[in-house]
Amino acid sequence: MFQTGLAIMRAQPPHIGHIKLINRMLKECKNAVIILGSVQEQGTERNPYSYIQRKEMLQKIFAGKPEAKRLKILGMFDINNPTQWGAFVMDFLREACPGEPLPEVYYAGSEYDAQWFRDIFANIQIENRVDYDFPYVSGSMVRDMIKIGDKRWHDFVPEKIHKMIEELIPSKKGVC
């Protein structure tokens, strides 16, 4: 078991793939840190939900579970400089969590997502998004379903946040 794990995601909205990765972190780590990125954007097609809304969604999903106490959710601005991303994240963690040990393992949904942290973490765990035993899901896919009123988005988003998402949809016609 690792002491602290880190994952970065937009979670626009949190879907079953995000939850699978977080559950793995909580199984393998004493503490899990989730950084929700792109906090500078909200109300856009790619980033419809605010940091506060996304954090609340994750808190609702894990509410009442004992492991929720081991889950820390932070928000962070993007810098749009991939080569500096890993160092920027670590500096952010040092400032946001002074006196706390830095994560020793990074969790990612793909090799591409992990590449920015290869020089920082000796331990990187990939929770492969293309797992043939798990339904394919992406945030873009879920957002598109919500946008066009395709009710199948319910299959990819934890039930605990369905109502919240439905209340945040600008026009509820045909969605619920």
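What this report covers is the structure whose coordinates are included nearby. (Residues numbered from 1 in each chain as written. Predicted model: local features only at pLDDT ≥ 70, side-chain atom pairs only at ≥ 80, totals over all residues. Heavy atoms only, no water.)

What follows covers the pairing of strand 2 (residues 29-36). Most of strand 2 sits inside the fold, with six of its eight residues counted as buried. Where strand 1 (residues 2-9) meets strand 2, seven bridges bridge the pair, whose relative direction is parallel. Paired with Leu-6 across the two strands is Val-33, which belongs to strand 2. Chirality of the crossover, the property in question, places the unit of strand 1, helix 1 (residues 16-28) and strand 2 among those that are right-handed. Looking at chain direction, strand 2 and strand 3 (residues 71-75) are connected through five bridges and run parallel. Bridging across to strand 3, Ile-35 finds its partner in Leu-74. (Buried < 20%, exposed > 50% of the residue type's maximum accessible area, 1.4 Å probe, protein only. Helix = DSSP H or I, 4+ residues; strand = E, 2+ residues; numbered from the N terminus. Pairing = 2+ DSSP bridges. Right-handed = clockwise from strand over helix to strand, strands pointing away.)

Further remarks concern helix 5 (residues 139-148). When helix 5 is considered as a whole, its buried residues turn out to be Gly-139, Val-142, Arg-143, Met-145 and Ile-146. Angularly, the buried residues of helix 5 cover 160° about the axis, an arc narrow enough to put them on a single face. Within helix 5, the exposed residues directed more than 90 degrees away from the buried face are Lys-147 and Ile-148. Taken together, the buried residues of helix 5 touch helix 6 (162-168). At the exit of helix 5 stands Gly-149, carrying a positive phi of roughly 80°. (Arc of directions from axis to C-beta. Contact = heavy atoms within 4.5 Å.)

This brings us to the side chain of Gln-12. When you line up the elements, Gln-12 lands in the loop between strand 1 and helix 1. Of note is the side chain of Gln-12, whose polar atom sits 2.8 Å from the backbone nitrogen of Tyr-49. Other than its neighbours up to four places away in sequence, Gln-12 contacts Arg-46, Asn-47, Pro-48, Tyr-49, Arg-54, Gly-139 and Arg-143. (Polar contact = N/O pair within 3.5 Å; in protein donor to acceptor, adjacent residues only side chain to side chain.)

Let us now look at the layout of surface pockets. By volume, the largest pocket amounts to about 1100 Å³. Contributing to the lining of the largest pocket are 41 residues, with Ile-8, Met-9, Arg-10, Asp-113 and Arg-129 lying nearest its centre. Elements with a contribution of two residues or more to the lining of the largest pocket: strand 1, helix 1, strand 4 (105-108), helix 4 (111-114) and helix 5. Counting residues per element, the lining of the largest pocket draws most heavily on helix 1, at four residues. Among the residues making up the lining of the largest pocket, the classes are represented as 17 nonpolar, 15 polar and nine charged. (1 Å grid on protein atoms, 1.4 Å probe; cavity = no way out; pocket = protein on both sides within 12 Å on 5 of 7 lines; lining within 4 Å. Points joined across faces, edges and corners; volume = space filled by probe spheres on them. Nonpolar A, V, L, I, M, F, W, Y, C, P; charged D, E, K, R; others polar.)

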